[in-house]
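Inside the fold
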Amino acid sequence: MTGRALFDAHKLHAVLELEPFLLSLAKKPNPITLTQCHQIHAKLIITQCISQTHLANTLLSFYSKSSNFHHAHQLFNKMPHRNVVTWTTLISSHLKHGSVPKALKIFNQMLLSDERPNEYTFSVLLRACSNHDFWSVGLQIHGSLVRFGLDRDKFAGSSLVYMYFKGGNDLRDALRVFNGLLERDVVAWNVMISGFAQVGDFHMVQWLFSEMRDVQGLKPDNSTFVSLLQCCYLLLEVKQIHGLVYKFGAEIDVVVESVMVDLYAKCGDVSSSRRIFDSMEEKDNFVWSSMISGYSMNNRGEEAVRFFKNMCRQRVKLDQHVLSSTLKACVEIEDLNTGVQVHGLMIKNGHQNDCFVASVLLTLYASFGDLGDVEKLFRRIDDKDIVAWNSMILARARPGHGSSHSMQLMQELRRTTSLQIESATLVAVLKSCENESDLLAGRQIHSLILKSSLCHHTLVGNALVHMYSECRLIDDAFKAFVDIEWKDDSSWSSIIGTYKQNDMELEALGLCKEMLNEGVNLTSYSLPLCFSACSQLSAICEGKQLHVLAIKFGYNRDVYVGSSIIDMYAKCGNIEESENVFSEQLEPNEVIFNAMICGYAHHGKAQQAIEVFSKLEKNCVAPNHVTFLALMSACSHAGYVEETLHLFTLMLDKYKIKPKSEHYSSLVDAYGRAGRLEEAYQIVQKDGSESAWRTLLGACRNHNNTEIGEKSAMKMIEMNPSDHAPYVLLSNIYNAEGKWEEAIKCREKMAKIHVKKDPGSSWLV
DNA sequence: TTAGGGTTAG
């Protein structure tokens with residue numbers, strides 16, 4: 001008797017000592033190791049505490065959390081007494097780390113034993129059944145829940161509502177269960193709010209939230225705010241919810257902060273994202289990756305890369321999200337160096353075959369023409385999804401590579417996988433057909449599209465228009481355009497661009513008008529095309545109307561739109577209006593400056609062009625080759641020979657810009673106009689482009705220089721025998737010099753080799 | 001002692 005009492009006291013002491021220790025371990029976020037589990041197991045056996053069901057349950061949860069199912073089951077089988085917690089722990093661990101069928105098998109065993117499942121058991125099971133594959137099982141479990149009288153319980157009921165939202169997308173059943181609950185706690189309300197937020201029913205979310213606020217003693221928590229934030233599309237809305245979080249005095253957790261970082265960036269306010277990020281005490285991987293993608297989606301790729309490098313310096317763990325977001329930024333800013341470093345980190349962190357990360361990496365390598373490694377990367381990806389295939393097909397659709405490889409890949413995709421082809425797949429394959437030699441493949445894809453459900457997809461239609469346009473089949477492009485059911489700005493831009501490229505400006509402008517009549521919202525893509533059509537036709541009235549619309553939609557200060565307006569007014573003869581638009585630009589870049597300089601060049605205002613260039617230098621904007629071409633052409637036309645030469649050397653020496661043929665031609669033009677034909681001849685011999693020779697020949701014609709004129713004409717005929725220009729110019733030189741015989745010979749030669757002069761045309765009647 | 005709701009990337 002005494003011995004037994006003494007033993008029990010020992011046991012009690014051991015329990016008192018072990019219990020807090022086990023509890024503290026259970027609270028730790030990381031699962032404990034198998035060795036630690038064994039040590040605890042041994043200690044429980046030695047102290048004979050293993051027979052205490054609650055302690056054995058805790059050990060069972062340790063084995064389960066670390067996915068040591070074998071040991072968990074061994075312990076479970078040996079336990080002399082099991083309770084509902086024992087069963088629920090085992091079921092829950094299989095659901096979290098193992099498989100749903102195994103969990104269901106254990107649940108069936110539980111039902112066959114005398115143990116009754118409780119609200120916790122049902123809660124975990126129902127949540128697992130929200131996966132669509134187990135939908136019918138979920139309905140059966142709902143039946144059991146009713147039999148056990150737990151269907152109105154707040155725990156089991158909340159999970160049931162969750163299941164109807166996620167698995168069945170059944171809002172009515174979810175609402176019915178919710179209305180039937182005996183008690184609705186914050187979790188129950190959150191499940192409802194999040195369910196309606198996911199399906200985009202924001203009115204319902206609003207209503208539920210106001211109802212919830214009326215319930216006494218209930219306060220929205222972080223989870224509520226996350227769901228509310230998911231309903232935000234506008235910056236103002238994000239700010240409002242941000243304010244609400246403070247109003248309710250909630251202790252903001254890392255998840256809410258992460259969502260706000262992500263959303264502010266999605267609404268274009270990266271500075272607010274960064275402010276929240278910097279103020280966060282606890283930062284998880286999620287928020288680091290949100291910050292990187294935030295920079296990237298706002299066209300601030302350089303900052304994304306800098307942020308990533310800073311993150312590496314701080315030794316933050318790199319996950320797939322961080323790596324793929326960074327690579328996306330590298331693709332955007334064409335930063336191969338960082339991309340290669342990220343590749344190394346992918347290997348180091350074991351993510352080299354991750355589908356998300358490898359898909360972007362192959363896009364990056366492909367954009368630098370490294371196609372050999374791309375294929376290897378693709379083949380190694382685990383569980384390739386449709387986006388990985390699309391990326392690979394697009395990687396192979398590089399200009400000049402033909403369509404065969406992309407077509408083969410799509411056939412392989414259809415033959416070997418059960419993945420559903422997406423619009424992006426077709427867009428990628430069509431991209432590889434943008435050449436007349438690949439037209440047959442393009443037509444095959446077109447017929448495939450017509451047979452599929454994707455024929456009404458706007459993106460696919462746009463790709464077809466583009467493909468036919470690149471193959472110079474204007475009628476087919478137009479037919480494909482007509483077939484697009486929901487034409488967007490891009491559809492109209494494609495067809496207008498097609499007509500413009502093929503010198504059909506009148507038709508292009510007609511389509512611009514039609515587009516406006518259709519009420520399509522003009523954007524920074526379509527507006528420049530419309531302005532360009534106007535300028536080519538000198539259609540200033542239409543141009544002015546479009547200018548008003550550009551102001552109305554707030555695009556007049558967009559660099560692409562702004563430069564096209566400046567160009568349109570200049571080409572339509574209204575340089576004053578170009579100057580007005582130019583002066584309205586808040587942060588003019590080189591494209592805007594170039595448009596103004598070109599405008600002055602066209603109007604023969606060399607002095608003003610040079611003044612604009614000085615302004616550009618003062619604003620620390622880097623000029624490009626177009627800037628110098630416009631400046632040199634303005635100066636050469638005005639007869640400023642020395643100034644043209646000065647600009648040419650400035651371009652080379654100060655700005656390190658490699659001259660193109662056009663620059664040489666401009667230089668030749670300047671010398672030619674001044675009659676300095678020998679110097680011009682020296683330059684042409686160095687450059688040797690057809691356009692430079694043509695310019696020189698023109699100058700010889702103006703200055704009646706037969707000697708260099710003959711040399712130039714011979715060179716041009718050698719370079720392009722079917723061109724009529726050298727014959728005409730040369731015969732003009734002979735005529736001017738009175739060498740009629742030579743002139744006739746020249747024309748005869750031209751007739752002999754069937755070179756015909758294009759008839760002249762004029763806009764003036 | 002078991003348990004329900006919320007976040008990111010290509």
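Residues numbered from 1 in each chain as written. Chains lettered and ligands numbered in written order. Predicted model: local features only at pLDDT ≥ 70, side-chain atom pairs only at ≥ 80, totals over all residues. Heavy atoms only, no water.

1. Notes on unusual backbone geometry
Residues other than glycine seldom take positive phi values, yet Glu334 does so here, at roughly 55 degrees. In this structure, Glu334 sits in the loop between helix H19 (320-333) and helix H20 (336-348). The backbone of Cys620 sits at a positive phi, close to 60 degrees, despite the residue not being glycine. Within the secondary structure layout, Cys620 lies in the loop between helix H36 (606-618) and helix H37 (625-637). (Helix = DSSP H or I, 4+ residues; strand = E, 2+ residues; numbered from the N terminus.)

2. Some points on helix H18 (residues 301-313)
Because an α-helix packs 3.6 residues into every turn, residues spaced three or four apart end up facing the same way. Relative to the 18 Å expected for 13 residues at 1.5 Å per residue, H18 spans 19 Å between its end C-alpha atoms, a close match to the ideal helical length. Next to the buried residues of H18 lie helix H16 (270-279), helix H17 (285-297), H19 and H20. Once H18 finishes, Arg315 follows within two positions and takes phi at roughly 60 degrees, a positive value. (Expected span 1.5 Å × (residues − 1). Contact = heavy atoms within 4.5 Å.)

3. As for the protein's contact with DNA strand B
Around DNA strand B there are 50 residues in total, and Tyr120, Arg127, Phe155, Asn190 and Asp221 lie nearest to it. Looking at DNA strand B alone, sugar and phosphate atoms form 46% of those within 4 Å of the protein. The separation between a base nitrogen of DNA strand B and a polar side-chain atom of Ser324 is 3.1 Å. Partitioning the surface near DNA strand B into residue classes produces 18 nonpolar, 21 polar and 11 charged. (Near = heavy atom within 4 Å. Polar contact = N/O pair within 3.5 Å; in protein donor to acceptor, adjacent residues only side chain to side chain. Nonpolar A, V, L, I, M, F, W, Y, C, P; charged D, E, K, R; others polar.)

4. Things to note about the nonpolar core
In this structure, Phe122, Leu229 and Leu696 are the most contacted members of the largest nonpolar core, which totals 235 residues. No fewer than three residues from each of domain 1 (185-283) and domain 2 (660-760) sit in this core. Residues within four places of Leu696 in sequence aside, it is in contact with Val668, Leu677, Ala680, Tyr681, Val684, Ile708 and Ser712. (Core = buried A, V, L, I, M, F, W, Y, C linked by side-chain atoms within 4.5 Å. Buried < 20%, exposed > 50% of the residue type's maximum accessible area, 1.4 Å probe, protein only. Domains from an automatic or database assignment.)

5. Quick notes on the layout of surface pockets
If you roll a probe as big as a water molecule over the atoms, it shows you where there is empty space left. By volume, the largest pocket amounts to about 510 Å³. Looking at the largest pocket, it is lined by 21 residues, and the ones nearest its centre are Leu394, Ala397, Val427, Ala428 and Lys431. For the lining of the largest pocket, the secondary-structure elements that each account for two or more residues are helix H23 (386-396) and helix H25 (423-431). By residue class, the composition of the lining of the largest pocket is 7 nonpolar, 8 polar and 6 charged. (1 Å grid on protein atoms, 1.4 Å probe; cavity = no way out; pocket = protein on both sides within 12 Å on 5 of 7 lines; lining within 4 Å. Points joined across faces, edges and corners; volume = space filled by probe spheres on them.)

6. Considering the packing of aromatic side chains
In this structure the tally under the stated criterion is 23 aromatic pairs. Seen in terms of ring centroids, Trp135 and Tyr164 are 5.6 Å apart; in terms of plane orientation they differ by 85 degrees. Their pairing is edge-to-face. Taken together, the positions of Trp135 in helix H8 (residues 135-147) and Tyr164 in helix H9 (residues 154-166) put the pair 29 residues apart, joining distant regions of the chain. Counting every residue linked through ring pairs, the aromatic cluster contains Phe277, Trp288, Tyr295 and Phe307. Directly above the aromatic system of Phe277 lies the positively charged group of Lys283, at a separation of 4.9 Å from the ring centroid. One Lys or Arg, Lys487, reaches over the ring of Phe481 and ends 5.2 Å from the middle of that ring. (Phe/Tyr/Trp six-rings, centres within 6.5 Å; stacked < 30°, edge-to-face > 60°. Lys NZ or Arg CZ within 6 Å of the ring centre and 35° of its normal.)

7. Remarks on the domain arrangement of chain A
Interface size, as often reported, equals the accessible area lost upon joining of the parts. Domain parsing of chain A yields domain 1 (185-283) and domain 2 (660-760). Summarising the inter-unit geometry, the C-alpha centres of domain 1 and domain 2 are found 73 Å apart.

8. Brief notes about the pattern of salt bridges
Pairing is possible between side chains of opposite charge, provided their charged atoms come close. One pass over the full model with this rule turns up 21 salt bridges. Here Lys266 ties to Asp262 by a salt bridge, and the two come within 3.0 Å at their closest N and O atoms. Note that Lys266 and Asp262 are positioned in helix H15 (residues 254-266) at a spacing of 4 residues, about one turn of the helix. Residue classification places Lys266 among the exposed residues on the basis of a relative accessible area of 52%. Given the relative accessible area of 16%, Asp262 is considered buried. When the shortest N-O distance is used, the salt bridge between Arg379 and Glu375 registers 3.0 Å. Separated by 4 residues within a single helix, Arg379 and Glu375 lie in helix H22 (residues 371-380), roughly one turn from each other. Salt bridges linked by common partners bring Glu375, Arg379, Arg396 and Glu412 together as one network. (Salt bridge = Lys/Arg side-chain N within 4 Å of Asp/Glu carboxyl O.)

9. Considerations on the environment of Tyr569
As for its position among the elements, Tyr569 is in helix H33 (residues 559-571). Taking the relative accessible area as the measure of exposure, Tyr569 reaches 2% and is therefore buried. Counting along the chain gives 35 residues from Tyr569 to Cys534, while the straight-line C-alpha distance between them is 9.2 Å. When near neighbours in sequence (up to four residues on either side) are disregarded, Tyr569 contacts Ile540, Lys544, His547, Asn574, Ile575, Glu577, Ser578 and Val581. For Tyr569, the side chain forms a polar contact with the side chain of His547, separated by 2.8 Å.

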